[in-house]
Amino acid sequence: MGRMEGRVAFITGAARGQGRAHALRLAAEGADIIATDLAGPVDTVDYPPATREDLAETVRGVEELDRRIVSFTADVRDFGSLKDGLDDAVAQLGGLDVLVANAGIINDVRPSWELDEANWQTMIDINLSGVWHATKAAVPHLISRGPGGSVILISSTAGLRGIPNIAHYNAAKHGVLGLARTLANELSPHRIRVNSVHPTNVRTTMIDNPFTAKIYRPDLENPTFDDSLAALADINMWDVPYLDVDDVANAVLFLACEESRYITGIALPVDLGMSMKYSGA
């Protein structure tokens, strides 16, 4: 039997990238999956959005692993639609054991005082309030299913240190860490574990696009992702530019399964040493 046999996991931002990897990794260990994604564009975001076809591909991947999956489209900024979709999915699958709040964006890079109001607000609404909405919708189901369960909030190394020119992203990801620590205390009577995961750059559409390449190579007029690799590697302790999605999914699996049954309230870096890298005097 797999490490997640008999359990149901709810994953936001599941259409592609890290979200899909989490769904497939947990399903490979026996979990049934509830998958949601906006699967459409977000104002202020310049890189290509996830699509309904992407979400359908996640569904196909889980079904090929012979696990059940219920998917629905929802915007994490809209608590009502998120809750309605989750309630229906839980009714179909019989309960909920794990939440992976993964949905997130990046939308602008500039000094904090130059950030546009709309860019700031969209970031906070998705990357922080959207995570809270996911917990608000999921926690009653986890309590009902309990005792036990696991909540995993996907933050970032930007939730552990200050990174210049992404103040709104830093603020949201630090907020996710604070939310995780509070929930760990609130849910301890129910033996529900709550932890956050803090990756360095992960190769997904969020960084593999011309907009983000320009952030790392402003000296080039039309940089490619390959042009940014040296700059990406320089962020980390090791000379490795990025994580693969499976590197983060493996950490999520550990926090979701019983191997971490006594771990709660931690911030787990999966970051090639980035959060502890010494940058010199």
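This is a predicted model, so every value here is computed, not measured. (Residues numbered from 1 in each chain as written. Predicted model: local features only at pLDDT ≥ 70, side-chain atom pairs only at ≥ 80, totals over all residues. Heavy atoms only, no water.)

So, about the overall build of the protein chain. Looking only at helices and strands, the protein chain features eight helices and seven strands. Computed over C-alpha atoms, the radius of gyration of the protein chain comes to 18 Å, within 12% of the 19 Å expected from 2.2 N^0.38 for 281 residues, which places it in the range of a compact globule. In terms of its C-alpha atoms, the protein chain occupies a principal-axis envelope of roughly 55 × 40 × 35 Å. A buried classification covers 51% of the 281 residues belonging to the protein chain. When contacts within the protein chain are restricted to residue pairs at least 6 apart in sequence, those whose partners lie at least 24 apart make up 73%. For the protein chain, the accessible surface area stands at approximately 12,500 Å², while carbon and sulfur atoms represent 51% of it. (Helix = DSSP H or I, 4+ residues; strand = E, 2+ residues; numbered from the N terminus. Rg over C-alpha atoms; globule rule 2.2 N^0.38 Å. Buried < 20%, exposed > 50% of the residue type's maximum accessible area, 1.4 Å probe, protein only. Contact = heavy atoms within 4.5 Å. Areas by Shrake-Rupley, 256 points an atom, 1.4 Å probe, with all protein chains shown as cover.)

Moving on: the sheet that holds strand E6 (residues 193-199). Spatial ordering of the open sheet is given by E3-E2-E1-E4-E5-E6-E7, a layout of seven strands whose pairing is parallel. Looking along the sheet, the strands with just one partner apiece sit at the ends: strand E3 (69-73) and strand E7 (267-270). The mean angle between the axes of side-by-side strands here comes to 15 degrees, regardless of whether they run parallel or antiparallel. Pairing of strand E5 (residues 150-154) with E6 involves five bridges; the strand directions are parallel. (Pairing = 2+ DSSP bridges. Axes fitted to C-alpha atoms, helices over the stretch in contact; angles between N-to-C directions.)

What follows concerns unusual backbone geometry. In this structure, Pro-147 follows Gly-146 across a cis peptide bond, with omega equal to 5 degrees. Along the chain, Pro-147 falls in the loop between helix H4 (117-145) and E5. Backbone geometry places Thr-44, a non-glycine residue, at a positive phi of 85 degrees. In this structure, Thr-44 sits in the loop between strand E2 (32-37) and helix H2 (52-64). For Thr-44, a relative accessible area of 23% gives the class partly exposed. At Asp-66, a position not held by glycine, the phi torsion is positive, near 65 degrees.

As a further point, take the packing of aromatic side chains. Inspection of the entire model under this criterion finds two aromatic pairs. Here the aromatic rings of Phe-225 and Tyr-242 are separated by 5.7 Å at their centres, their planes lie at 50 degrees, and the arrangement is tilted. With Phe-225 in the loop between helix H6 (210-216) and helix H7 (229-235) and Tyr-242 in the loop between H7 and helix H8 (245-256), the pair connects residues that are 17 residues apart, well separated along the chain. Positioned above the aromatic ring of Phe-79 is the side chain of Lys-136, whose terminal nitrogen or guanidinium carbon lies 5.3 Å from the ring centre. (Phe/Tyr/Trp six-rings, centres within 6.5 Å; stacked < 30°, edge-to-face > 60°. Lys NZ or Arg CZ within 6 Å of the ring centre and 35° of its normal.)

The next point concerns the pairing of strand E1 (residues 8-12). The side chains of a regular strand alternate between the sheet's two faces. For E1, the tally of buried residues reaches five of five residues, placing the bulk of the element in the interior. Across five bridges, the pairing between E1 and E2 is parallel. By the bridge assignment, Ala-9 is partnered in E2 with Ile-33. Where the polypeptide runs from E1 across helix H1 (residues 17-28) and back to E2, its parallel neighbour, the crossover connection is right-handed. Sheet topology places E1 next to strand E4 (residues 98-101); three bridges connect them, and they run parallel. Residue Ala-9 lies in a different strand from E4, and its bridge partner there is Val-98. (Right-handed = clockwise from strand over helix to strand, strands pointing away.)

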